[in-house]
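# Coordinate inspection notes
So the chains spell out like this:
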Amino acid sequence: MNQRGTQQGVISRITTGMRVIDSTGVEIGTVDLVQRGDPNAVTVQGPPTADPGSSLDELIESTAVEEPDVPADLAARLLHSGYLKVSTDLARTGAVYVLAERIAAVTDDEVRLDVPVEDLPAEE
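Summarised in this report is the structure supplied together with it. (Residues numbered from 1 in each chain as written. Predicted model: local features only at pLDDT ≥ 70, side-chain atom pairs only at ≥ 80, totals over all residues. Heavy atoms only, no water.)

The subject of this paragraph is the overall build of the protein chain. For the protein chain, the count of helices and strands is 3 helices and 6 strands. Expressed as a percentage of the 124 residues in the protein chain, the buried residues total 35%. In the protein chain, 60% of the contacts between residues at least 6 apart in sequence involve partners at least 24 apart. About 7500 Å² of surface is accessible on the protein chain, with carbon and sulfur atoms providing 49% of the total. (Helix = DSSP H or I, 4+ residues; strand = E, 2+ residues; numbered from the N terminus. Buried < 20%, exposed > 50% of the residue type's maximum accessible area, 1.4 Å probe, protein only. Contact = heavy atoms within 4.5 Å. Areas by Shrake-Rupley, 256 points an atom, 1.4 Å probe, with all protein chains shown as cover.)

Encoded structure:
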């Protein structure tokens with residue numbers, strides 16, 4: 001199985017509410033959202049060309065993305081590879097994102113990461 005398939009297999013075993021432990025052994029919080037990767041996820045491009053009948057409001061609504069709440073280039077990587085959103089008191093905004101490839105192991109009730117919490121992007 002290729003690395004991507006392995007990552008998706010790992011992420012499919014994760015459920016909301018699981019504890020998340022960083023590479024230093026610190027419990028950083030709990031899984032709030034699990035998003036499997038989408039190899040066809042939209043990558044960052046220029047603004048879409050609106051058809052002449054579209055209003056600016058419709059255009060803004062069509063391009064607004066709720067999750068992940070991070071800069072566009074990182075959002076594209078997260079959507080492409082898959083990610084977890086983790087609720088944590090260790091980030092100013094109350095949540096961090098974990099790329100699928102940062103998941104080292106999954107047990108029945110916890111997710112172990114291969115990076116320390118400081119290396120995880122915080123929600124904006």
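Position of E110 relative to the elements: it lies in strand 6 (residues 110-113). Among the residues examined, E110 registers a relative accessible area of 10% and is labelled buried.

What follows concerns the pattern of salt bridges. Here the structure, examined in full by the defined rule, presents 6 salt bridges. As a salt-bridge pair, R112 and E110 come within 3.0 Å of each other at their nearest N and O atoms. Salt bridges here are not isolated pairs; linked through shared partners, they connect R19, E27, E110 and R112. (Salt bridge = Lys/Arg side-chain N within 4 Å of Asp/Glu carboxyl O.)

This part takes up the environment of N40. Mapped onto the fold, N40 is located in the loop between strand 2 (27-36) and helix 2 (56-63). Here the alpha-carbon distance between N40 and H80, two residues 40 residues apart in the chain, equals 7.0 Å.

Before going further, it helps to spend a moment on the nonpolar core. Membership of the largest hydrophobic core comes to 19 residues, with the highest contact counts inside it found for I14, L84, I103, V111, L113 and L120. Contributions of two or more residues to this core are made by strand 2, strand 3 (82-87), strand 4 (95-99), strand 5 (103-106) and strand 6. Core analysis: the second largest hydrophobic core is formed by 7 residues, V70, L74, Y97 and L99 among them. (Core = buried A, V, L, I, M, F, W, Y, C linked by side-chain atoms within 4.5 Å.)

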